[in-house]
Amino acid sequence: QVQLVESGGGLVQAGGSLRLSCVASGRTVNAYTMAWFRQAAGNEREFVASITKNGEGTYYADSVEGRFTISRHNAKNAAYLQMNSLKPEDTAVYYCAADLYGMVHPSDFHIWGQGTQVTVSS
């Protein structure tokens, strides 16, 4: 019932910033945990960040802690990922996901967007 669409990816120089957006349609996602995952070419999908339904709890992978910030605006039915101090190793397809109970594991999430490419040049 819920569809997720990511946007905001692109090419950026190392040290730069990007803000990814995830807009949900079909149903409200106010009751869902929202999360971001990424998958680099040839690698498994990995957790990046998540935020609880009330926005109070946030969780980050060690690799992005202190550089990325996840947020949500429930009135817009959207979640965001602010990415600062980007590194070439951040290059990946970034996916938005939502679930009533999931938190950090991709297998726990059942609603996924199509992904948006982020490429960081050195």
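The structure under discussion appears in the preceding block.
Conventions used here
Residues numbered from 1 in each chain as written. Predicted model: local features only at pLDDT ≥ 70, side-chain atom pairs only at ≥ 80, totals over all residues. Heavy atoms only, no water. Phe/Tyr/Trp six-rings, centres within 6.5 Å; stacked < 30°, edge-to-face > 60°. Helix = DSSP H or I, 4+ residues; strand = E, 2+ residues; numbered from the N terminus. Buried < 20%, exposed > 50% of the residue type's maximum accessible area, 1.4 Å probe, protein only. Lys NZ or Arg CZ within 6 Å of the ring centre and 35° of its normal. Disulfide = S-S within 2.5 Å.

We now examine the packing of aromatic side chains. Applying the stated criterion across every chain, the model contains four aromatic pairs. Relative to Phe47, the ring of Phe37 lies with its centre 5.8 Å away and its plane at 70 degrees, an arrangement referred to as edge-to-face. Here the residue Phe37 occupies a position in strand β4 (residues 33–39), and Phe47 occupies one in strand β5 (residues 46–51), the gap between them amounting to 10 residues. Each member of the pair, Phe37 as well as Phe47, carries the same accessibility label: buried. With 5.0 Å between their ring centres and 50 degrees between their planes, Phe37 and Trp112 make a pair best called tilted. Residue Phe37 is found in strand β4, and its partner Trp112 is found in strand β10 (residues 111–112); the two are separated by 75 residues along the sequence. A residue is classified by how much of its surface remains accessible, and Phe37, at 0% relative accessible area, is buried. Grouped by ring-pair contacts, the aromatic residues Phe37, Phe47, Tyr95, Phe109 and Trp112 constitute a single cluster. Positioned over the ring face of Tyr95 is Arg45, at 3.8 Å from the centre of the ring.

Moving on: the state of the cysteines. Summed over all chains, the structure comprises one disulfide. A sulfur-sulfur distance of 2.0 Å marks the disulfide that ties Cys22 to Cys96. Because the torsion about its S-S bond is -75 degrees, the bridge between Cys22 and Cys96 counts as left-handed. Within this pair, whereas Cys22 is found in strand β3 (residues 18–25), its partner Cys96 is found in strand β9 (residues 92–99), the two being separated by 74 residues in sequence.

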